[in-house]
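Spelled out from the first residue to the last, the chains are:
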Amino acid sequence: LNKTIASNPCVRCGQERIVAKTWVDEDESMAGASKLTHTLMVCPDAECQKKLEKELDRQREARVARTKLKEDQDLARKQKLAPKIA
Ligand SMILES: [Zn+2]
């Protein structure tokens, strides 16, 4: 029996994505080891997929930069609020 795969169209061109690869991760937790199957879905249009990945990279970098900025601000605030040890 085939598992029904939910429709997962490309956000750029709307074509139905295809499975690029699947892999299994062993996840060890306190409850014991469990296997997690990952599926990488890509746009059937290689050019489109490339552009999408670039876009995702940009978003990832922006997110990292924002997180870093927030951490710096939090740290600065904490240092300001911390009682001076004299
Ligand atoms: Zn696409």
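Keep in mind that this is a model prediction, so the values were computed, not measured.

This part takes up the pairing of strand 2 (residues 32-42). Of the strand pairs in this sheet, strand 1 (residues 18-29) and strand 2 are connected by 11 bridges, and their pairing is antiparallel. Its bridge partner being in strand 2, Val19 is matched across the sheet by Met41. The loop that links strand 1 with its antiparallel partner strand 2 comprises 2 residues.

Moving on, we come to the environment of Ala46. Considering the arrangement of structural elements, one finds Ala46 in helix 1 (residues 46-81). Each C-alpha atom, one on Ala46 and one on Ala65, is 29 Å from the other, the two residues being 19 residues apart in sequence.

Moving on to the coordination of the zinc ion. Think of it this way: four donors in a tetrahedron around the metal ideally sit 109.5 degrees apart, and six in an octahedron ideally sit 90 or 180 degrees apart. Looking at the zinc ion, one finds its protein donor set to be Cys10 (SG), Cys13 (SG), Cys43 (SG) and Cys48 (SG), positioned 2.2 to 2.3 Å from the metal centre. Along the chain, the residues donating to the zinc ion are arranged with the sequence spacing C-x2-C-x29-C-x4-C. In this pair, Cys10 is assigned in the segment before strand 1 and Cys48 in helix 1, connecting sequence segments 38 residues apart. The same class applies to Cys10 as to Cys48, namely buried.

Among the secondary structure elements, Asp45 is positioned in the loop between strand 2 and helix 1. The class of Asp45 is partly exposed, set by a relative accessible area of 33%. Separated by 27 residues in sequence, Asp45 and Ile18 place their C-alpha atoms 9.7 Å apart.

Calculation notes
- Residues numbered from 1 in each chain as written.
- Predicted model: local features only at pLDDT ≥ 70, side-chain atom pairs only at ≥ 80, totals over all residues.
- Heavy atoms only, no water.
- Pairing = 2+ DSSP bridges.
- Helix = DSSP H or I, 4+ residues; strand = E, 2+ residues; numbered from the N terminus.
- Donors = N, O, S within 2.8 Å, 3.2 Å for Na, K, Ca; no water.
- Buried < 20%, exposed > 50% of the residue type's maximum accessible area, 1.4 Å probe, protein only.

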